[in-house]
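Chain residues, written in single-letter form:
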Amino acid sequence: MKSIKSSVKFLILSIALVTVSCDIEPIDPAIDISASSSVTGTYYMTAFNSSIPTDLNGDGTASTNQMDETNCFNGGFITLNGDNTFVANSKGIDINMDGATSTIECFDEGNFTGTWALSGNQLSITYLDEGVEYTDVATLSGNTIVSTVQNGEVVGTTSGGEPIYLTSNLQIVFTK
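Described below are features of the structure shown in this document.

Calculation criteria
Residues numbered from 1 in each chain as written. Predicted model: local features only at pLDDT ≥ 70, side-chain atom pairs only at ≥ 80, totals over all residues. Heavy atoms only, no water. Core = buried A, V, L, I, M, F, W, Y, C linked by side-chain atoms within 4.5 Å. Buried < 20%, exposed > 50% of the residue type's maximum accessible area, 1.4 Å probe, protein only. Helix = DSSP H or I, 4+ residues; strand = E, 2+ residues; numbered from the N terminus. Disulfide = S-S within 2.5 Å.

With respect to the nonpolar core
Core analysis: the largest hydrophobic core is formed by 29 residues, its most contacted members being Y43, I78, L80, F86, W116 and I145. At the level of elements, β1 (41–54), β3 (77–80), β4 (85–97), β5 (102–119), β6 (122–129), β7 (132–141), β8 (144–157) and β9 (163–175) are the ones that each hand at least two residues to this core.

Re the environment of I93
With respect to the secondary-structure elements, I93 resides in strand β4. Note: C-alpha distance between I93 and C72 (21 residues apart in sequence) is 5.9 Å.

Here's the deal with the state of the cysteines
Enumeration over the complete set of coordinates arrives at one disulfide. Each sulfur of the disulfide joining C72 and C106 lies 1.9 Å from the other. One quick way to see it: the torsion about the S-S bond of C72 and C106 is about -75°, and its sign makes the bridge left-handed. Taken together, the residues C72 in the loop between β2 (63–65) and β3 and C106 in strand β5 connect sequence positions 34 residues apart.

Below, the structure written as structure tokens:
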């Protein structure tokens, strides 16, 4: 099961490595390098939607957009560079268990880097996390990147207010 931490790191974003050099080499036709100049730039997280509504801020109104419930995702970004590298930050929400009590807290694991490739409207990003290589695929449409995770984890609360992890489908949206 993928946690929010892994999901955000995704795009926040995965197997194709594209390099552009001065040497004349055959180009894989599945990689749409011509579109890369309009793709490059910084995309900011604008939604972190879950299929299960949560009320993390305790205002009595549950929301499916976790960004309406917490500021932990604020400033989340991915920058796609013209040389098919990227930099993104890993920010989100987690449950801190100190033995006796559990609390919800934000985390910021800093920036991570990798490579990206575009095939049609499928954006693949590849990165290393603790020595393991991951490739994630998102959909690019205009100035929007959408990552979908089936059966991921989202932080929620019990009826008594205790933080718990819930299995949920996730949709993470970044906008340029």
